[in-house]
Amino acid sequence: MNAARTNNSATTSGAVMVIGGGVAGVQTALDLTELGYKVYLVEKSAAIGGVMARLDKTFPTNDCSLCILAPKLVEAGRDPNITIITLAELEDLSGEPGRFTARIRKKPRYIDEEVCTGCGQCTLYCLKQIGNDFNENLENSHAAHIDFSQAVPTSYHIDAKSCLRLNHDTCGLCAVACRAGAIRFDEKEKMLDIAVGAVVLAPGFGRVSDEVMAKYGLGRFKDVVTAFEHERLMCASGPTGGEILRISDKKHPKKIAFLQCIGSRDETCDNNYCSSVCCMYAIKQATLAREHDPDCEITLFYMDIRTHGKGFDAARQRAIKENNFRVIYARPPKVENVIDGGLLLTWSSEDGRHHYEKFDLVVLSQGLEAPHGAEQLAAASGIELNEYLFAATANFTPLATSRPGVYVIGAFQGPKDIPDSVTQAGGAAALCAGQLAPARASETIKATFPKERDIEGEEPRVGVFVCHCGINIGGVVNVPAVADYAGTLPHVVYSSRNLYSCSQDAQKMLVDTIHEHKLNRLVVAACTPRTHEPLFQATMREAGLNRSLFEMANIRDQCSWVHMHEPEAATEKAKDAVRMAVAKACHLTALAEQQLPVTPGALVVGAGLAGLTAALAIADQGFGVTLVERSKDLGGKALLLSADRYGNKPGKSMTEVVQRINKHKKIKVLTNAHVTAVSGYVGNFSTSVTTARGTEVINHGVTVLATGGTPYQPSQYLYGQSARVLTQLDLEKRLGTGKPLPRSTRQVVMIQCVGSRGEDLSYCSRVCCGQALKNAIRLKALAPDLRITILYRDIRAYGFMEDDYRQARKLGIIFSRYDIGNKPEVALGKGRNSPLTVKYFDHLLGDSVEIACEMLVLSTGIVPEDPTDLAKILKVPVTADKFLLEAHVKLQPVDLPVDGTFVCGLAHSPRSMDETIAQAQAAAGRACQPLARGFVTPAPIVSQINPETCIGCGACESFCPYKAITIYKNGKQRKARTITASCKGCGVCAARCPTLAIDMGRFTYDGIMAQIHAFGEQK
Amino acid sequence: MTHHNPKILGFLCNWCCYTAADSAGVGRYQYPPNLRVIRMMCTGRLDPSFPLEGLAGGADAIFVGGCHPGECHYIDGNYHALVSAALVHEIMERLGVSRDRFLIDWASAAEGPNFVKIITAFTQKITEIGPLGQAEDKNGADLRLELANAAEAARSRKLRIGLINASKEMMKSRHFTRPVVAGLVRDKCAKTLDTLFDKGIAAA
């Protein structure tokens, strides 16, 4: 919808430049190549990965950060359509959308990427020590180094500022040590002019300056650490090998304090906004600190606990309860030292009392700033910034900068977490693809793999690789023992272990090992095949092996993580899992791949803001869309809002969107329509849609679910009994009329979280705090003397919304926090027209306060439209709160677990309009991938029927849920045959075949039997 | 009773129970380390011989985990699993093996904690009833031999045709409750089983 339009394919470039190789940049690059565009990925540092690569774990699942990121880095490194340019920055962007010329300044690495083998000899011989930036300078590295062992590109580089040879013309030992001859001291800085059609800015965020953190003792006291330092201390590949040790005495801290809002929500450093991620990462870090030390005392100091994301509140509650954290609503202003060591914190609690206490370690939850060099980047790319130096965007075009054809994603668009960054990455890819649709596939090439080695007739030669996964597995399971044990198993000719099996260097090692030891089966004992099988299978293809010759043993998700306190039992279990996997692997055979054509159209269910946006973003890419809406009108619940926080009228924008939808040639709209049946699979769905005119069957390749939500209807606080009690939406409506307040209104009270966060709805609806602030400010604008009191649990004014919170306080709006156990009480006045009375507990007074108010506004949450029926038809999972469950909360935030099915809007989780738009664009981008590719390659796990033993009974045919088996006549005999394209590999036919004539690819009878028998060898 | 550490073999479907088991890990929910897992795409793949072979081969108990009824990723694979499971229970009963040693249950992809609850309770139960043979008051080794013969029988055409007929009738009637399915399987397989057991499956 905010794509700049160019229709001249002769001059439109099919390439996109992505500035910044963090998770957002990498994701948008991967999405873009899948959509048929060439990508130049420009990264300022020497390796892609960004901040996510430096994180130990991620909230709320405490998934290993690098483990889930590394496959993406490897994929980007492998993709023939992604050119990664490191140590490079955008210098200038000239031209117009579709025909830009980007000038890139590329600094030398001094080590030839193409020649470097990553052996590390240069570092070994380098005489010049420098701080290890990746580990927050908590340990040393050398001038010749690699940032981290899983770095992509897997090549070393020389730090120009400190290298002895480059600065003093001495040393040069690395050049002698390098066997590959990759050292290039004479390499010069280069200027590259690259033609691209669009640019995506993803430079990430900057750090709060040390000066700001010095207030809290950083630099003065060794045991005051930043959250980034703490993250590295927790990490197995960090400076302490995964032990949280005080810097001063290398001892385990017994009392840790986390201070929140460091450099955020802080006018003294001009960072007035909320950084949106620190509340979550502090809870994560505290949880991990607890894992590291069960006896440690952990205290978290909060102003508000802003865990507003999907499932975040539940994760916070569980973490606090299970780990016995102390949570204090206070902001200690400084850190002091005490004579006998230790760090002193003083604070005043909500009741105004002063406290002080000593801690062993203080962690500063530092906020996110605009990226370093934001102004230069803005000047180079010709975009405008907001007052905090983040990219300026508008509410209805959240991913578009002020310059057409230049998009922004990730933290540079405003502080945000990984899922939201990944979502925006998908959205920007869709917008670029829409803008450059005429040039799709004009600059991309097809990935090629070596010819597959025929292993027919070979004895199994199994290679086993056991992954430490940092300390995720290695901290519990005795990995060396498992690897040694694997070496003793029949047919295993090679076994070894890796710190991270999914890293780029490990893939190279896998390929080399496969060749060297002539392996013809591969077993990786690591995490779960559900996430990592595709990565290793791609590696097998690179090594010339059929991808079906692969098996994984799940020794993390189903072993080390669930038996954390039983290392011996977990090690035995891991050995059993490896033995069973090897047994199965010996029975694996190479399977033929199939390519199925795709119906190049999408079905979008729901025509609210999310559905409309998704439909447009798909249609703009040139694919047909059928938009199905249950009600008679398009527009959904966004129409209930009379203004956004910038004063724009959503109704006006919605009208424009609806007009574009109605005019769009590629979009067919069905209103009063219901989805009644769905069959097929990614690329080839058939959906029955029923309207008043009857039932119509739509053929489509992908499905986007945008079924939306509805306002929670309260019964609390006299709602429905007194005309004085409204919801925020009722108030919105009145504000839209311009006369929201009855005359004589002197006091308005707003109550937050009505029905939310543990009442009827277990979750936080994310938008209600912002809506209350917005409406309160609107009321104040109309009636400056009006008294407004907002009773809240936590004000979740995340990101730039904090500006509204500050403004509201400046306007004299009173905020008072209440606890769930001590909710406000509302009573009718004595007379018919007398005001209501609201009684609440005032923390500062330490007593109950009663005020009379003429209007009470309830901030109520969002309830998703019950997706149960649709979810059952589509086989997609639903959470306990009735939101659709995405495939991966961090890295596949809009994909549903069923291939070819996507989700956006309130069906996913509560979110604001700009977030909904970005998410809908992301769903559109992801959905168009199979459509742009034109074919799908389903896993070759289909059924195979042996005609020798088949008796033609037809049982398989009758039970197959996909009509994927037919009976044919072979002379006089009846035989069954699989229609490979329709088979999904469930195996019901095999389980019912009376003569065991049917077997399943990769899940063969003999393979499973081998697993069962290997299980039986358990000690 | 000395402390018994049971061996449990699980067959989990890729889409629900295996995913639930993964998400239990991601959430760091802890459960007893007795389960060993074989991943299948669908519980519909469950051949009746698998659990029997597992018990014969050394398992003290078998767990089959799939999607909730009505939520099978492949439409109705878990109903067919109920048919296979009913035969396994029927055979176990005839052999005098405790029914408790074989459990088929459901956990959706979103239900990590539920998976943990099921496995924890099942492991406890099996720990209580002890190694195969103890609760049955029989010689474990003998029982395993009989179970191996039963697994062989489950591969026989006659018994499998019985299951086909049971599955067919279940799909026709669309009654998927466990007693109904068990009744169908008993009906359709009784004759073959009678013959098998008359011949002396135990003695074979």
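Predicted model only: the values in this text are computed from it and were never measured.

**Considering the overall build of chain B**
Okay, step 1: The number of helices and strands found in chain B is seven helices and four strands.
Okay, step 2: If you list the helices and strands of chain B from N to C, you get β-α-β-α-β-α-β-α-α-α-α.
Okay, step 3: Compactness check: chain B gives a C-alpha radius of gyration of 17 Å against a globular reference of 17 Å for 204 residues, within 12% of the reference.
Okay, step 4: Projected onto its principal axes, the C-alpha coordinates of chain B cover approximately 50 × 50 × 25 Å.
Okay, step 5: The 204 residues of chain B split such that 60% are buried.
Okay, step 6: Of the contacts made within chain B by residues no fewer than 6 positions apart, 80% connect residues no fewer than 24 positions apart.

**Points about the environment of Arg-778 of chain A**
Residue and element names in this part refer to chain A.
Okay, step 1: When you line up the elements, Arg-778 lands in helix H20 (residues 768-782).
Okay, step 2: In this structure Arg-778 comes out as partly exposed when scored by C-beta crowding, with 17 C-beta atoms within 10 Å.
Okay, step 3: Taking C-alpha positions, Arg-778 is 9.9 Å from Pro-740, a pair spaced 38 residues apart along the chain.
Okay, step 4: In this structure Arg-778 touches Ala-643 and Leu-735, once residues within four positions along its chain are discounted.

**Observations regarding the confidence of the model for chain A**
Okay, step 1: Scored by pLDDT, chain A comes out at a mean of 94, with 99% of its residues at no less than 70.
Okay, step 2: This stretch, residues 1-9 of chain A, has a pLDDT under 50; its non-local contacts, to residues over four places away or in other chains, come to 24 contacts.

**Looking at the sheet that holds strand E22 (residues 361-366) of chain A**
All names here are of chain A.
Okay, step 1: One open sheet accounts for five strands, arranged E15-E22-E16-E17-E18; its pairing is parallel. Looking at which strands have only one partner, the edges of the open sheet turn out to be strand E15 (224-226) and strand E18 (326-329). On average, each strand axis in the sheet is tilted by 25 degrees relative to the strand beside it, whichever way the strands run.
Okay, step 2: Sheet topology places E15 next to E22; three bridges connect them, and they run parallel. In the strand pairing of E22, Val-224 is matched with Val-362.

**A short note on the nonpolar core**
Residues and elements named next belong to chain A.
Okay, step 1: Counting 366 residues, the largest nonpolar core has Tyr-407, Cys-432, Ala-525, Val-578, Val-582 and Ala-614 as the members making the most contacts within it.
Okay, step 2: If near-sequence neighbours (up to four positions away) are discounted, Ala-614 is found in contact with Val-604, Val-704, Ala-706, Cys-904, Ala-920, Ala-923 and Ala-924.
Okay, step 3: Within the second largest apolar cluster, 40 residues are counted, among which are Leu-779, Leu-786, Ile-788 and Ala-808.

**Points about the sheet that holds strand E20 (residues 343-348) of chain A**
Residue and element names in this part refer to chain A.
Okay, step 1: Pairing is antiparallel in the open sheet, where three strands are placed in the order E19-E20-E21. Single-partner strands in this sheet number two, and they are strand E19 (335-337) and strand E21 (354-359). Across the sheet, the mean angle from the axis of one strand to that of its neighbour is 30 degrees, orientation sign disregarded.
Okay, step 2: Where E20 meets E21, six bridges bridge the pair, whose relative direction is antiparallel. Paired with Ser-348 across the strands is His-354, a residue of E21.

**Thoughts on the pairing of E20 of chain A**
All names here are of chain A.
Okay, step 1: Two strands pair when backbone bridges link them, and E19 and E20 are joined in this way by three bridges, in the antiparallel orientation. Counterpart to Asn-337 in the pairing with E20 is Leu-343.
Okay, step 2: Linking two consecutive strands that pair antiparallel, namely E19 and E20, is a turn of five residues; a positive phi of about 85 degrees is found at Gly-341 within it.
Okay, step 3: Counting the residues that bridge the hairpin from E20 to E21 gives five residues, and of these Gly-352 lies at a positive phi of roughly 90 degrees.

**What about helix H18 (residues 650-663) of chain A?**
Residues and elements named next belong to chain A.
Okay, step 1: If you check H18, its first and last C-alpha atoms are 20 Å apart, about what 14 residues at 1.5 Å a residue would give, namely 20 Å.
Okay, step 2: Along H18, the residues classified as buried are Pro-650, Ser-653, Met-654, Val-657 and Ile-661. For H18, the buried positions fall inside an angular range of 100 degrees around the axis, keeping them on one side. The outward face of H18, more than 90 degrees from its buried face, is lined by the exposed residues Lys-652, Glu-656, Gln-659, Asn-662 and Lys-663.

**Regarding the interface of chain A and chain B**
Okay, step 1: Counting residues at the interface gives 55 residues for chain A and 50 residues for chain B.
Okay, step 2: Contributing elements (two or more residues each) for the side of chain A that touches chain B: helix H15 (556-560), helix H16 (567-585), helix H24 (955-959), helix H25 (988-992) and helix H26 (1005-1016) of chain A.
Okay, step 3: Broken down by class, the residue content of the side of chain A that touches chain B amounts to 29 nonpolar, 15 polar and eleven charged.

**Notes on the pairing of strand E17 (residues 297-302) of chain A**
As a general feature of sheets, a regular strand has side chains that alternate between the two faces.
Residue and element names in this part refer to chain A.
Okay, step 1: Pairing of strand E16 (residues 255-262) with E17, which is carried by five bridges, proceeds in the parallel orientation. Across the sheet, residue Lys-255 finds its bridge partner in E17, namely Glu-297.
Okay, step 2: Strand direction decides the pairing type here: E17 and E18, joined by four bridges, are parallel. For Phe-301, the partnering residue across the bridge sits in E18 and is Ile-328.
Okay, step 3: One crossover worth recording links E17 to the parallel E18 by way of helix H9 (residues 312-323), and it is right-handed.

**Considerations on the packing of H16 of chain A against H26 of chain A**
All names here are of chain A.
Okay, step 1: Contact pair H16 / H26: the axes reach a minimum separation of 8 Å and the direction vectors enclose 150 degrees. One element, H16, and the other, H26, form an angle in the roughly antiparallel class. Between H16 and H26 lies a crossing of right-handed hand. On the side of H16, the interface is formed by Asp-576, Arg-579, Met-580, Ala-583 and Lys-584, while H26 contributes Gly-1007, Ala-1010, Gln-1011, His-1013, Ala-1014 and Phe-1015.
Okay, step 2: Of the residues belonging to the contact of H16 with H26, the class tally is five nonpolar, three polar and three charged.

**Quick word on helix H21 (residues 802-810) of chain A**
Residues and elements named next belong to chain A.
Okay, step 1: Inspection of H21 places Glu-802, Tyr-805 and Ala-808 among the buried residues, and these make up the whole buried set. End-on, the buried residues of H21 take up no more than an arc of 120 degrees, which puts them together on one face.
Okay, step 2: Positioned one or two residues after H21, Gly-812 has a phi angle of 90 degrees, which is positive.

**Some points on unusual backbone geometry**
Residue and element names in this part refer to chain A.
Okay, step 1: With an omega of -5 degrees, the peptide bond running from Phe-59 to Pro-60 counts as cis.
Okay, step 2: Along the chain, the position of Pro-60 falls in the loop between strand E3 (57-58) and strand E4 (63-64).
Okay, step 3: Each neighbour pair has its own omega, and for Val-152 with Pro-153 the value is -5 degrees, a cis peptide bond.
Okay, step 4: Looking at where Pro-153 falls in the secondary structure, it is placed in the loop between strand E10 (144-145) and strand E11 (157-158).
Okay, step 5: The phi dihedral of Asn-137 falls on the positive side, at around 60 degrees, and the residue is not glycine.
Okay, step 6: Its place among the elements puts Asn-137 in the loop between strand E8 (129-131) and strand E9 (140-142).

**Some thoughts on the environment of Gly-20 of chain A**
All names here are of chain A.
Okay, step 1: Position of Gly-20 among the secondary structure elements: in the loop between strand E1 (15-19) and helix H1 (23-34).
Okay, step 2: Distance in space between the C-alpha atoms of Gly-20 and Val-200 is 8.7 Å, their sequence separation being 180 residues.
Okay, step 3: With sequence-adjacent residues up to four places away left out, Gly-20 is seen in contact with Gly-25, Glu-43, Leu-201, Ala-202, Pro-203 and Gly-204.

Thresholds, definitions, all that
- Residues numbered from 1 in each chain as written.
- Chains lettered and ligands numbered in written order.
- Predicted model: local features only at pLDDT ≥ 70, side-chain atom pairs only at ≥ 80, totals over all residues.
- Helix = DSSP H or I, 4+ residues; strand = E, 2+ residues; numbered from the N terminus.
- Rg over C-alpha atoms; globule rule 2.2 N^0.38 Å.
- Buried ≥ 20, exposed ≤ 12 C-beta atoms within 10 Å, placed from the backbone.
- Contact = placed C-beta atoms within 7 Å.
- pLDDT = per-residue confidence, 0-100.
- Pairing = 2+ DSSP bridges.
- Axes fitted to C-alpha atoms, helices over the stretch in contact; angles between N-to-C directions.
- Core = buried A, V, L, I, M, F, W, Y, C linked by C-beta atoms within 7 Å.
- Expected span 1.5 Å × (residues − 1).
- Arc of directions from axis to C-beta.
- Nonpolar A, V, L, I, M, F, W, Y, C, P; charged D, E, K, R; others polar.
- Right-handed = clockwise from strand over helix to strand, strands pointing away.
- Parallel < 35°, antiparallel > 145°, perpendicular 65-115°, else oblique.
- Left-handed = near helix turned anticlockwise from the far one by under 90°.

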